[in-house]
Amino acid sequence: MKFFRKTLLIIAVLSLCLIFSSSLISAQEKVTIRLASAFEPEHILCKTAEKFKELVESRSGGAIKVELFLGGVMGSEEEITESVSIGAVEAQVGGGLPIKTFAPDYYFFDSPYVMKDWEHFKRVFYGELGQKMREEIEKKGNTMYLGIVYRGLRHFTSNKPVRTPDDVKGIKLRLPQLPTWIAVWKEIGALPVPVPLTELFTALQTGVADASEGDVTQIYSFHLYEVQKYLSLTGHLVQTGGLTINKAFFDKLPDEYKNIIVEAGKEACDWGTQQILEGEEDIIKQLEEAGMTVIRDVDQEAFREKAKPAVEKLFETEWTVTTWEEILSY
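The rules we used
Residues numbered from 1 in each chain as written. Predicted model: local features only at pLDDT ≥ 70, side-chain atom pairs only at ≥ 80, totals over all residues. Heavy atoms only, no water. Axes fitted to C-alpha atoms, helices over the stretch in contact; angles between N-to-C directions. Helix = DSSP H or I, 4+ residues; strand = E, 2+ residues; numbered from the N terminus. Left-handed = near helix turned anticlockwise from the far one by under 90°. Contact = heavy atoms within 4.5 Å. Nonpolar A, V, L, I, M, F, W, Y, C, P; charged D, E, K, R; others polar. Core = buried A, V, L, I, M, F, W, Y, C linked by side-chain atoms within 4.5 Å. Buried < 20%, exposed > 50% of the residue type's maximum accessible area, 1.4 Å probe, protein only. Salt bridge = Lys/Arg side-chain N within 4 Å of Asp/Glu carboxyl O. Polar contact = N/O pair within 3.5 Å; in protein donor to acceptor, adjacent residues only side chain to side chain.

S.K.: Looking at this structure, how should I read the packing of helix H2 (residues 44-59) against helix H11 (residues 255-289)?
M.R.: A pair of packed helices is captured by two measures, namely the crossing angle of their axes and the spacing between those axes. Look at H2 against H11: their axes get within 8 Å of each other, and the N-to-C directions meet at 145 degrees. Relative to H11, the crossing made by H2 is right-handed. Contacts between H2 and H11 involve Ile 44, Lys 47, Thr 48, Lys 51, Phe 52, Leu 55, Val 56 and Arg 59 from the former and Ile 260, Ile 261, Glu 263, Ala 264, Gly 265, Glu 267, Ala 268, Cys 269, Trp 271, Gly 272, Gln 275 and Ile 276 from the latter. A per-class count over the contact of H2 with H11 returns 11 nonpolar, 4 polar and 5 charged.

S.K.: Can you help me understand the nonpolar core in this one?
M.R.: Among soluble globular proteins, nonpolar side chains are generally buried collectively. By size, the foremost hydrophobic cluster in this structure holds 103 residues, and its most contacted members are Phe 52, Phe 108, Phe 109, Ile 261 and Ile 327. The element contributing the most residues to this core is H11, with 10 residues. Excluding residues within four positions of it along the chain, Phe 109 makes contact with Ile 99, Met 115, Phe 121, Val 124, Phe 125, Leu 129, Gly 130 and Met 133.

S.K.: Would you mind going over the pattern of salt bridges with me for this structure?
M.R.: Pairing between side chains of opposite charge can happen when their charged atoms approach one another. Counted according to the given criterion, the structure contains 15 salt bridges. The salt bridge involving Glu 54 is made with Lys 51; its shortest N-O contact spans 3.8 Å. Of this pair, Glu 54 and Lys 51 both sit in helix H2, 3 residues apart, roughly one helical turn. A residue is classified by how much of its surface remains accessible, and Glu 54, at 47% relative accessible area, is partly exposed.

S.K.: Before we go on, may I ask you to explain the side chain of His 155 in this structure?
M.R.: Structurally, His 155 is set in strand E4 (residues 143-158). Overall, the relative accessible area of 5% leaves His 155 in the buried class. A distance of 3.3 Å separates the side chain of His 155 from the backbone nitrogen of Thr 234, its partner in a polar contact. Once residues within four sequence positions are removed from consideration, His 155 is found in contact with Ser 212, Glu 213, Gly 214, Val 216, Leu 231, Ser 232, Leu 233, Thr 234, Gly 235 and His 236.

Rendered as structure tokens:
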């Protein structure tokens, strides 16, 4: 009998705690997070944004609402990065532009032929260099990382097979407007054509560019199989994405909201990463089924050697906070 009464008392106390916790959240002002992306809705980054929305709204009991603006409706990735910084939009899921814009000394995190693989990337990102980079972005860009997503390796698309650096010599290669990427691909022999992500398909369709490079979810979600015949597995960049939020906005939130957002951000990014780790090869097969010929016998080492002088020069002139040797030692 005593045990039964004690059990009832524990249940009653726990119930009151839950009710009290819920009432604290419901009593606070409701918050809306506008989360934008220049990527197409089918892309893993946008799927990660949807997961974040689901988790935040569920765990806050609807007190925090997440509105998604995907597919470039809020502008280019450059414009969205700036919008998050000034608070015109609260959050973004995108590529490495926050690093390039606000901590350019650390842009080796998002540049070709620097990182060896995903595990290597994580060791550097969550180490001392990554911590300093995130602090720099918060200070200069008013932007805070909630998590990172592995998007897969970046590969090459074209209308001719690409196996060696000689095959890309003189080809008009669509690239983001990123000087470090342009420098590396110029060294390899391509003719870079800087084009915003939102204009990627059109640039290839109209012949402004002959080829592109990107992770397989980008290639698939932008339907590049409709305008490119070949996918060459160059694996030249360990591609990641970031879920970021305006820091001033975040800092003003109640602690309960902060905890929900931080936990949901990490969980959503981990979920997105797992989707790619488990499904990257499946996406390549889907691209084959959609009509692309996949070139697997790419001489990746020849590409790396060709790019080496440009990468070494970038560490001497742009990324002077560290050395390539230090990065490779992680």
